Amino acid sequence: MQARGAEFAEFIQWFIETKSMPSIRAGGGGGFSLLGWSAGNAQTLPLLAYADQLSRETQELFELYFRSFIIHGIFEFGMSEDDYSHKGRDSDIALPSIGIPSLSGFNSPFRESTQNSITDHIGAFAVWVSSYFTPFAMGTDDDPDCTTVRDALLARTNMYDCTDPVHGERWRPSVERISAEQLAEICDLEVMQRSQWFYEVIDPRVYRDHVRDAILEATLRDPTGKTIWPGLKVHVLWCDASISDTVYAALVLQAWVREAQAKGEGRDVRLQGLENANHFVGDPPGYSRRSCVMLTTAYIGPLR
């Protein structure tokens, strides 16, 4: 994971130096934002968590360019820690982007499925993860351990009704509105079997440590004792009609941030909800693709 974070840093440094990217300007503009989407957040967070392991040159360069770090649609589905310890990779799929087990009662094609092949699993997963569910109203003080909050998450239902001629199409799962040809152009299903799997079976405690070091404590310092990128802003974007796994992950992250900020610790973290948006929402409001590079798990570009 440390190597993955360093890989992102190396690429961004190359992009800055070869594409003449302007540095952050006092009046606004310039610099770059790094956005991780879904399970991709598990791969972008190490850039911050291991910032002290980057070269002094990279640290100083990013001080001039690194405007914001964006956590978009953070994913949390998989096994409990006991399941992970006793069953390992032969049981369920686990993608603990922030290192917590999913709530008991959440369903997904990977937890409760009669599908036999990995291809069938992935197909069912794509429909489920791009569906629209009853919008969840998250309060700034909501406790993810509160029974009322958990019951509300478990009570959410899929809003798509194929028999509704008026509103049915509005809530049709995103992948069902994309042609097979278009999907083949933007998706490589073999990645799940070839490489993505290895990120899914890492001990969840590793991911929790990444979140702690990256944004909750953020006490990483360079050799001179200076905090690394103290002015960096962290934005957490969550979608209120997304699957409950991502909403729950946002709730937990919000609680962790609230606790850290009460103690005067961590980075400047702000949460923003996107209304009537599922997990496949397009460009988040306020962000631009101009002069950016799209990666498989992250977005690098300017923040307006």
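Residues numbered from 1 in each chain as written. Predicted model: local features only at pLDDT ≥ 70, side-chain atom pairs only at ≥ 80, totals over all residues. Heavy atoms only, no water.

**Some words on the overall build of the chain**
For step 1, the next point in the chain: Secondary structure summary: the chain contains ten helices and eight strands in total.
For step 2, the next point in the chain: A buried classification covers 48% of the 304 residues belonging to the chain.
For step 3, the next point in the chain: Looking at the chain alone, contacts between residues at least 24 apart form 76% of all its contacts between residues at least 6 apart.
For step 4, the next point in the chain: On the chain, roughly 14,900 Å² of surface is accessible, and the fraction owed to carbon and sulfur atoms is 50%. (Helix = DSSP H or I, 4+ residues; strand = E, 2+ residues; numbered from the N terminus. Buried < 20%, exposed > 50% of the residue type's maximum accessible area, 1.4 Å probe, protein only. Contact = heavy atoms within 4.5 Å. Areas by Shrake-Rupley, 256 points an atom, 1.4 Å probe, with all protein chains shown as cover.)

**Overview of the packing of aromatic side chains**
For step 1, the next point in the chain: Applying the stated criterion across every chain yields a total of eleven aromatic pairs.
For step 2, the next point in the chain: Judged by centre distance (5.9 Å) and plane angle (80 degrees), the rings of phenylalanine 62 and phenylalanine 66 are edge-to-face.
For step 3, the next point in the chain: Since its relative accessible area comes to 4%, phenylalanine 66 is described here as buried.
For step 4, the next point in the chain: In textbook terms, an aromatic cluster arises when at least three aromatic residues are bridged by ring pairs, as seen for Phe32, Phe62, Phe66 and Trp229.
For step 5, the next point in the chain: Between the NZ or CZ atom of arginine 170 and the centre of the ring of tyrosine 132, over which it lies, the distance is 5.4 Å.
For step 6, the next point in the chain: Geometry around tryptophan 171 places arginine 170 over its ring, the cationic atom sitting 4.1 Å from the centre. (Phe/Tyr/Trp six-rings, centres within 6.5 Å; stacked < 30°, edge-to-face > 60°. Lys NZ or Arg CZ within 6 Å of the ring centre and 35° of its normal.)

**Here we look at the nonpolar core**
For step 1, the next point in the chain: Residues Phe66, Ile215 and Trp229 are the most contacted members of the largest nonpolar core, which totals 50 residues.
For step 2, the next point in the chain: Other than its neighbours up to four places away in sequence, isoleucine 215 contacts Leu48, Ile71, Val234, Leu253, Gly266, Arg267 and Val269.
For step 3, the next point in the chain: Core analysis: the second largest hydrophobic core is formed by seven residues, Ala39, Phe75, Trp128 and Ile243 among them. (Core = buried A, V, L, I, M, F, W, Y, C linked by side-chain atoms within 4.5 Å.)

**Considering the pairing of strand 6 (residues 268-274)**
For step 1, the next point in the chain: By the bridge criterion, seven bridges tie strand 5 (residues 233-239) to strand 6 in an arrangement that is parallel. Residue pairing in the sheet places leucine 237 in a bridge with glutamine 272 of strand 6.
For step 2, the next point in the chain: For the handedness criterion, the β-α-β arrangement of strand 5, helix 10 (residues 244-262) and strand 6 is classed as right-handed. (Pairing = 2+ DSSP bridges. Right-handed = clockwise from strand over helix to strand, strands pointing away.)

**Looking at the pattern of salt bridges**
For step 1, the next point in the chain: Under the criterion given, the structure shown has eleven salt bridges.
For step 2, the next point in the chain: Put simply, arginine 4 and glutamate 7 hold a salt bridge, and the shortest N to O gap is 2.9 Å. Here the residue arginine 4 and the residue glutamate 7 both occupy positions in helix 1 (residues 2-18), the gap between them amounting to three residues, near one helical turn.
For step 3, the next point in the chain: Take arginine 4: its relative accessible area is 17%, and that puts it in the buried class.
For step 4, the next point in the chain: Across the pair arginine 205 and aspartate 203 runs a salt bridge whose closest N-O atoms are separated by 2.5 Å.
For step 5, the next point in the chain: The partly exposed category is assigned to arginine 205, whose relative accessible area is 46%.
For step 6, the next point in the chain: Through salt bridges that share partners, Glu169, Arg172 and Glu176 make up one connected network. (Salt bridge = Lys/Arg side-chain N within 4 Å of Asp/Glu carboxyl O.)

**Observations concerning the packing of helix 1 against helix 3 (residues 56-65)**
For step 1, the next point in the chain: Where helix 1 contacts helix 3, the axes come no closer than 11 Å and their chain directions differ by 60 degrees. It follows from the interaxial angle that helix 1 and helix 3 lie oblique. Read as a crossing pair, helix 1 and helix 3 show a hand that is left-handed. Contact residues: helix 1 offers Ala9, Ile12, Gln13, Ile16 and Glu17, while helix 3 offers Glu57, Thr58, Leu61, Phe62 and Tyr65. (Axes fitted to C-alpha atoms, helices over the stretch in contact; angles between N-to-C directions. Parallel < 35°, antiparallel > 145°, perpendicular 65-115°, else oblique. Left-handed = near helix turned anticlockwise from the far one by under 90°.)

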